[in-house]
Amino acid sequence: MKQPYIEFRNRSGFGDIINNYFLFLKYNFKHYSMLYLRYNAISIVLTIVAAYLLVTGFMGLASRDFRFGMGNNLDTESYFFAGAIILFLIIFVTSLINYSFSSSYIAQYVKTGGQIESKSIWKQIIKNIGNIILLIIVGALIYVAYLIISLMISFIPFLGFIAQYGMSFTLSAIFGLTFMSMFSKNKGFSDAISEGFNFTFANFLKVIGYGLVIGILNLMITALILSIPGFIIGIYTYFSVESNADLVGSTFTTLVFTFGFAIFILSFIYAQALSQIAFGVLYYNLFELKHNTFLQEKINQIGINE
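Residues numbered from 1 in each chain as written. Predicted model: local features only at pLDDT ≥ 70, side-chain atom pairs only at ≥ 80, totals over all residues. Heavy atoms only, no water.

**Student:** Can you explain helix α9 (residues 251-291)? Please cite residues and give values.
**Tutor:** With 41 residues, α9 extends 60 Å between its outermost C-alpha atoms, agreeing within 8% with the 60 Å of an ideal straight helix rising 1.5 Å per residue. The first or second residue beyond α9 is Asn-292, which carries a positive phi of 60°. (Helix = DSSP H or I, 4+ residues; strand = E, 2+ residues; numbered from the N terminus. Expected span 1.5 Å × (residues − 1).)

Given below as structure tokens:
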């Protein structure tokens, strides 16, 4: 059955924008998630591998008597650090893929009236690959500056904490809206990031408030995803401790914690992808508020029909 199309290009209020986001998820969650899994299949496998290395290394460090295979001693520290490095790279690359994928998905959704094709998304990502790479470089520099400033203000009680979160939401909004500018209006890097900054600071309270609400709601979605594996791992750990089972040296325990940790990481990466969907919904609202193009098109169409 064809799902109803949700129009984002309206001069909507704060509550209506959030409502549009959840209406979009209601009707398109399955289709979006299936495409998401296709685009991130390799990342998911690598995340499981990295989680295995981290869990194996951590358990080996905890026991200092970890053995694998035919009783060969392994340098568990190398497993732990290798897993941490691989996981960092995977999260970094996957986050960029998700920014691009979610932005392209929303742009194609609006452009085609909800008739999205996977090939169109991939073509649009390839088309903007140069701008994406440039944004990665600039974003990395800005993020380093953010870390330095965060470290400096972290010593300020309460106000430092508020300022850190304010900067975090601001940066997320800037990059989220910049990616949408690239994919929805086919703008180059300089024009896109300029529009991202402009939309963010011209509507600062609205953007920060929206990011905060969506962040909390997506965190609740993540908690629901994690509740089942978390419950299983909790019960398994409890009864293993009660029965004095060897958690550290058990292969089954390693697998349980590996998949549990992998699901934990993947769920937060997925929540980040959903956050970009939310910023896509916000982008069209802010663009319409500033330029009023969609409303003008509808008015012109009424004149033509008459």
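Next comes the rest of the description.
**Student:** Quick one: what's the story with the pattern of salt bridges, residue by residue and with numbers?
**Tutor:** Working definition: two side chains of opposite charge can pair if their charged atoms are close together. This structure, assessed with the given rule, holds 2 salt bridges. Here Lys-187 and Glu-195 are joined by a salt bridge, their closest N and O atoms 3.1 Å apart. (Salt bridge = Lys/Arg side-chain N within 4 Å of Asp/Glu carboxyl O.)

**Student:** If you had to explain the side chain of Gln-276 to someone new, which residues and values would you point to?
**Tutor:** Here Gln-276 is to be found in helix α9. Beyond its immediate sequence surroundings of up to four residues, Gln-276 is in contact with Asn-98, Tyr-99, Ser-102, Ser-103, Gly-176, Phe-179 and Met-180. (Contact = heavy atoms within 4.5 Å.)

**Student:** Account for the environment of Ile-228, naming residues and giving values.
**Tutor:** Mapped onto the elements, Ile-228 comes out in helix α8 (residues 204-242). Taking the relative accessible area as the measure of exposure, Ile-228 reaches 57% and is therefore exposed. In sequence terms Ile-228 and Gly-260 are 32 residues apart; their C-alpha atoms lie 9.8 Å from each other. (Buried < 20%, exposed > 50% of the residue type's maximum accessible area, 1.4 Å probe, protein only.)

**Student:** Describe the packing of aromatic side chains, with residues and values.
**Tutor:** For any pair of aromatic rings, the description consists of the separation of the ring centres together with the inter-plane angle of the planes. What the rule picks out here adds up to 27 aromatic pairs. Between Phe-29 and Tyr-270, the ring centres sit 6.2 Å apart and the planes meet at 85°, which makes this aromatic pair edge-to-face. One end of the pair, Phe-29, is in helix α1 (residues 14-39); the other, Tyr-270, is in helix α9, and 241 residues separate them in sequence. Joined through ring pairs, the aromatic side chains of Tyr-5, Phe-8, Phe-24, Phe-29, Tyr-32, Tyr-36, Tyr-39, Phe-101, Tyr-105, Tyr-109, Trp-122 and Tyr-270 make up one cluster. The lysine or arginine in question, Lys-185, covers the ring of Phe-287, its NZ or CZ lying 4.1 Å from the ring centre. (Phe/Tyr/Trp six-rings, centres within 6.5 Å; stacked < 30°, edge-to-face > 60°. Lys NZ or Arg CZ within 6 Å of the ring centre and 35° of its normal.)

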